[in-house]
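# Descriptive analysis of the structure
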Amino acid sequence: MQILVRLPVKCLFQFKCVSKSWCSLIKSPRFTDLHVSRANCGDQEGVILVKRFIKDERKIVLSFHSKDESLSLQVVAPDFEVPYSTYLNMILVGTCRGIICLRSNESSGIHLCNPATREFLTLPDRPFRCPQGYFSQLCELGFGFDAISNDYKIITFTTIFPDEYNGDPNSCKAEIYSLSTNSWRELDPDVTLPEWVYNPRFSVLFNGCFHWCTPLITDSFGLQILSFELSTEQFREIQFPDGAPDTEGEYGMQKLIVLDNSLAMIWYNITGSQISDQHFDIWVMMEYGVQESWVKKFSIGPLSGIESPLSSWNSDKLLWEMSNGQLASSAVLGDNRGSLTKYNIHGSPTTLQADIYHESLVALGELCGRRMN
C-alpha cells in the first residue's frame, strides 16, 4: 500500500485490474483517504486547473497544466468538458481533495465533478423560497471539506431584496449543503450572520475557513473580510489592514488569495475602459487572525492589459487573465516582477479562472447521500 499510495490516479485505475486483492485495496475508503492526504500534504505534485469558455465551440472546458515552470504550463491530462456547458457564465467555485465545484449563473445550479473518475453530480435545488413581496439573488458560495465530520460542504449566500428595489438589500440568508446527506439546511439559528453582510465576493479557503470580501452596511461605506469556519460553522469578522484602501471606490477592486501559505489580499485600481499601467498591492496576513500582522509585502506594476488576478502559483507567482482572454503569469519577487509571461491558453474574455488541483480517487457516487442509505 505504501508504494501504491504514491502513484497517480491513472496508474491506480490500471492496477485495479492486476488482482482482486489490489482492486479491493485501491477501492477501499482508507486507501482513498491516504492518497488524498499525501496530495494535500504536498507529497504529490498538483497541477494548474484552468476553467475557460471556448466561444467557437460553445462549451466550457477544464484544462490541466504542469506547475513546472520550465514546461510553460504544458498540458498534463485530457480536457474535461463540463456537461451543460452552454452556460457562458459557469463559475469555478473552488477545488478540494480532487473534487471541483461549479456554479451555473443562468440557472443557479450547483455542480460537483471529479475529472479523474469522470463523475459529474448536479446538486438538488436549494429549499429556500423568497417570501411574497421580495426577490432573491444567489450571490456567493464556498466549497470545502470538513475534516471533523468527514464531509464535503457548500455554503451559499442569498441576498433578499424588496420588490420595490431601491438599491438596498433587506437581508442575507445562508444555507449549507452536505454531500453525505445530499441535502440542504438552513444555517443553525444559533449561528448569527453579521447584519452588515449582504454581498460577499471572491471566496478563498484557508486554514479550514472560507473568506470573502464583503461591503459594510454602515453610515460610512467600507469593506471587511467575512470568515466562516467549516467545522464549527461559526462566522468571524476580519478587519482590512491598516493603511489599505477599504472603500470600494469607482475603480477599486480586491481579490483574496493564498500566497506562500498565508492569507493575502490583492488591491488594484482599474483606470477606465483601457486597462493599462495598473499597479497591484499585495497585503499578507503574516499571523493568521491577527489584525496587526497585515503587511504590505509586495507591489507589482505597472502591468498592461490585465483583466484580473486569478490565483497564486508555486508560492511566488501570480496567474492573470489578460483583457483578450489569454492566461499569463508574473513573479512577485525579483527583478522581473513587472514583466508578464503569456501562455498559449485562451478563452473568451472574462471567463478564465484558475486554481491548484490535486487529482483523487474520491467517488462522488459513493459519498453522495451515504448517511441516508
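Above this text is the structure in question.
Residues numbered from 1 in each chain as written. Predicted model: local features only at pLDDT ≥ 70, side-chain atom pairs only at ≥ 80, totals over all residues. Heavy atoms only, no water.

### Some details on the sheet that holds strand E5 (residues 99-104)
Spelled out, the test is: Pairing between strands is defined by DSSP: at least two bridges between the two strands are required. Secondary structure elements follow DSSP: runs of H or I no shorter than four residues count as helices, runs of E no shorter than two count as strands, and numbering proceeds from the N terminus. For helices, the fitted axis covers only the stretch in contact; all axes are lines through C-alpha atoms, and the angles between them, taken along N-to-C directions, range from 0 to 180 degrees.
Strand order in the open sheet made by the four strands is E4-E5-E6-E7, with antiparallel pairing throughout. The two strands at the open ends of the sheet, each matched to only one other strand, are strand E4 (91-96) and strand E7 (119-122). Between one strand and the next, the sheet's axes are offset by a mean angle of 20 degrees, whatever the strand orientation. Where E5 and strand E6 (residues 109-114) come together, five bridges link them in antiparallel fashion. Its bridge partner lying in E6, Arg103 is registered against Ile110.

### Let's talk about unusual backbone geometry
To keep it simple, the criterion reads: Classification of residues uses two cut-offs on accessible area relative to the type maximum, computed with a 1.4 Å probe and protein chains only: under 20% is buried, over 50% is exposed, and between them is partly exposed.
The phi torsion at Asn182 lies on the positive side, around 50 degrees, for a residue other than glycine. As for its placement among the helices and strands, Asn182 is situated in the loop between strand E10 (171-178) and strand E11 (183-186). Unlike most non-glycine residues, Glu233 shows phi in positive territory, near 55 degrees. Relative to the elements of secondary structure, Glu233 occurs in the loop between strand E14 (223-229) and strand E15 (234-238). Residue classification places Glu233 among the buried residues on the basis of a relative accessible area of 8%.

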